Protein chains: 2
Amino acid sequence: MPPTAFEPHDHSSCVSDGVAAVERHCAEHKLQFTKVRRRVLEILLNQHKAWGAYEILDKLREEGLGSQPPVAYRALDFLVSHGFAHRIERLNAFIACTHFDTHHAPAFLICRSCNRVVEAESDPRAGELGRAAQSAGFVIERTVREAEGLCPACVGRASA
Amino acid sequence: MPPTAFEPHDHSSCVSDGVAAVERHCAEHKLQFTKVRRRVLEILLNQHKAWGAYEILDKLREEGLGSQPPVAYRALDFLVSHGFAHRIERLNAFIACTHFDTHHAPAFLICRSCNRVVEAESDPRAGELGRAAQSAGFVIERTVREAEGLCPACVGRASA
DNA sequence: CACAGATCGTTATATAATTACAGGAGACGT
DNA sequence: ACGTCTCCTGTAATTATATAACGATCTGTG
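If you're wondering where the values come from, they're calculated on a predicted model, not measured in any experiment.

Participant: Let's hear about the protein's contact with DNA strand D: which residues, and what values?
Facilitator: The local shell around DNA strand D holds 17 residues, among which A:Tyr54, A:Arg87, B:Thr34, B:Arg37 and B:Arg74 are the closest. If you look at DNA strand D and keep only atoms within 4 Å of the protein, 45% of those are sugar or phosphate atoms. Between a phosphate oxygen of DNA strand D and a side-chain N or O atom of B:Arg37, the distance comes to 3.0 Å. In the model, a base nitrogen of DNA strand D is placed 2.5 Å from a nitrogen or oxygen of the B:Arg74 side chain. Of all the elements, helix α4 (residues 69-81) of chain A adds the most residues to the surface near DNA strand D, at four residues. Taken together, the residues of the surface near DNA strand D break down into seven nonpolar, five polar and five charged.

Structure (structure tokens):
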């Protein structure tokens, strides 16, 4: 499953499918998918970039959905805690989850030029972190794996 | 090379060896290892935990070495940019480098209970990130790999 | 309806980081 | 020694990110 967001794709389905999947999941698990939460998810899905909480808040404010930081942070907390979105530590920003079904430990590729971010599936026990943890007797609960660099399009542009 | 900071060790040598190594490196590369920079490195080396910039600033202030945020941030920038310290994105905090010689892409194990942080050596091209990057044609420039969980001592304490 | 728990609106505050600019100390060529 | 260049320092102000606290309102359920 190669990352797709760096490639042209039918983006409108990213939004509609994402919202639909979360809607379904919330219905099944009796979670309240409220207006603000839905709107924040839509905003996140709207571009494959990481959104700062205050960028989202600005949008909400324009639309009359809330004007104070806790409004945005609460919606983001909800989305993140249920796996509908992820926090990108490197950017202090948030992105919609694109591997929603699988129970995952995500890894991210962040293009510093066009700011697009792609989520890759990963196994938390694999790789350096897992190996180091095992040899140290460390129990991993959560991992942060983020790579910053240039996406294929921007590499081409730079070397051209 | 198993991580050592989770185990008992002669900690005074962590500080003195660390400072000496950086001192040598600065001399060789004509870098100015000024009073503030040295002191910040000592503070970082003093405990195997991640220090917030403002914690460091408080210490500097007590000692009359500076009172405004840029003093701490500038010293930290120097240390990080030359590989003498690392930033832990997950904690918005900084830690002294313990694998100083090797040109590295560090990974970290963060104990959420005792707050100790251990640096593990790693190969940026290995693991999930490298694989994902390669298949996407993404060029990695920098990676963030941080695992949060419980160190051996705290696991024992919790299950006891 | 009445209740409990979740969610929301708002004010205030905490924490983290940067910008901007003036001054100082050392390196270096002349 | 003199200017001058560069890097480093001191400080004020501001921006960015995130949380605390609290009362009001909504939602599902008996």
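The structure having been displayed, the exposition proceeds.
Participant: How would you sum up the UniProt feature "binding site: Zn(2+)" (unreviewed entry) in chain A? Please name residues and give values.
Facilitator: Residues and elements named next belong to chain A. UniProt's feature table lists "binding site: Zn(2+)" (unreviewed entry) at Cys111, Cys114, Cys151 and Cys154, given in the numbering used throughout. Across 44 residues, the annotated set stays spatially compact, with a maximum C-alpha separation of 8.1 Å. Mapped onto the elements of the fold, cysteine 111 is located in strand β3 (residues 107-111). Along the chain, cysteine 154 falls in helix α6 (residues 152-159). Classification of cysteine 154 as buried rests on a relative accessible area of 4%.

What counts and how
- Residues numbered from 1 in each chain as written.
- Chains lettered and ligands numbered in written order.
- Predicted model: local features only at pLDDT ≥ 70, side-chain atom pairs only at ≥ 80, totals over all residues.
- Heavy atoms only, no water.
- Near = heavy atom within 4 Å.
- Polar contact = N/O pair within 3.5 Å; in protein donor to acceptor, adjacent residues only side chain to side chain.
- Helix = DSSP H or I, 4+ residues; strand = E, 2+ residues; numbered from the N terminus.
- Nonpolar A, V, L, I, M, F, W, Y, C, P; charged D, E, K, R; others polar.
- UniProt positions renumbered as here; feature names shortened; annotations may be inferred.
- Buried < 20%, exposed > 50% of the residue type's maximum accessible area, 1.4 Å probe, protein only.

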